[in-house]
Amino acid sequence: HGLEFGKSCLKTELQSCDNYCLLAAHVFIDIWKDTGDEWPLWQSLYVLEEGLFHSPCNAQFKLLLTRIFCHLGAFEPVVDLYSSLDAKHVQHDTIGYLLTRYAEALGQFAAASQSCNFTLRFFHSNQKDTSEYIIQAYKYGAFEKIPEFIAFRNRLNNSLHFAQVRTERMLLDLFLEANMYVCPRHQCRWRKV
């Protein structure tokens, strides 16, 4: 019923009833958490997909759908939803964990490797960019900005997400590139132990 009020809205504008859709989705998620039944999770998924159809730029729908798809074990839609968020610069640190956190756990090792590489590129380019910002601030006499740039660089370097992705990337390298062949003769010895 609320969609009637948003017929003249552009696709980039949020609908007036988007908050009701989010409320319904959260109620279904709460029911799922309380009862353990799966039907409320599927209902929440349906409500959010319908809401995203009518309001394709709603980032809250996309973020909640990302969580639901990961709980259901479907990772492919998560990649599409994350890329449609069009995250910029520091947003990769704040919401990037949604993508990197579940990929490996869901057995999507190639996607996990790609998302870790993408995230690490962001953090490494940050080193170069903030150094450039500091040089430019010094060059143009904006000395009050220099401590801000240094603090920003330090916060990103000490980011939990950065540490997690770096560790995940190392583990993925070990897993994907190590020779995992075990001789059947060695397997028998392990079974006896």
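Note that this is a predicted model, so its numbers are computed, not measured.

Caption draft 1: Local environment of the layout of surface pockets. Its boundaries defined by the atoms lining it, the largest pocket holds a volume of some 200 Å³. Forming the walls of the largest pocket are Phe75, Glu76, Val79, Tyr82, Ser83, His92, Leu99, Gln108, Ala111, Gln114, Ser115 and Phe118. Sorting the residues of the lining of the largest pocket by element identifies helix H4 (76-85) and helix H7 (109-139) as the ones contributing at least two each. The residue makeup of the lining of the largest pocket, split by class, is six nonpolar, five polar and one charged.

Caption draft 2: Broad picture of the packing of aromatic side chains. Scanning the entire structure with this criterion turns up six aromatic pairs. Each ring, one from Phe28 and one from Trp39, has its centre 6.4 Å from the other, and the planes form 75°; the classification is edge-to-face. With a gap of 11 residues between them, Phe28 in helix H1 (residues 18-35) and Trp39 in helix H2 (residues 39-54) connect regions that are remote in the sequence. Between Phe109 and Phe175 the ring centres are 4.6 Å apart and the planes differ by 45°, which places this aromatic pair in the tilted class. Note that Phe109 is positioned in helix H7 and Phe175 in helix H9 (residues 160-177), a separation of 66 residues in sequence. Residue Phe109 is classed as partly exposed on the basis of its relative accessible area of 26%.

Caption draft 3: Looking closely at the nonpolar core. Counting 38 residues, the largest nonpolar core has Leu48, Leu64, Leu65, Ile68 and Phe75 as its most contacted members. Taken together, the elements giving at least two residues each to this core come down to H1, H2, helix H3 (59-72), H4, helix H6 (97-103), H7 and H9. Not counting the four nearest positions on each side in its chain, Leu64 is found in contact with Leu22, Ala25, His26, Ile29 and Leu48.

Caption draft 4: The arrangement of the state of the cysteines in detail. One pass over the structure, following the stated rule, counts zero disulfides. Sulfur of Cys17: no disulfide; nearest cysteine sulfur belongs to Cys21 and is 7.3 Å away. On the basis of relative accessibility, which here comes to 17%, the residue Cys17 falls in the buried class.

How each quantity is defined
- Residues numbered from 1 in each chain as written.
- Predicted model: local features only at pLDDT ≥ 70, side-chain atom pairs only at ≥ 80, totals over all residues.
- Heavy atoms only, no water.
- 1 Å grid on protein atoms, 1.4 Å probe; cavity = no way out; pocket = protein on both sides within 12 Å on 5 of 7 lines; lining within 4 Å.
- Points joined across faces, edges and corners; volume = space filled by probe spheres on them.
- Helix = DSSP H or I, 4+ residues; strand = E, 2+ residues; numbered from the N terminus.
- Nonpolar A, V, L, I, M, F, W, Y, C, P; charged D, E, K, R; others polar.
- Phe/Tyr/Trp six-rings, centres within 6.5 Å; stacked < 30°, edge-to-face > 60°.
- Buried < 20%, exposed > 50% of the residue type's maximum accessible area, 1.4 Å probe, protein only.
- Core = buried A, V, L, I, M, F, W, Y, C linked by side-chain atoms within 4.5 Å.
- Contact = heavy atoms within 4.5 Å.
- Disulfide = S-S within 2.5 Å.

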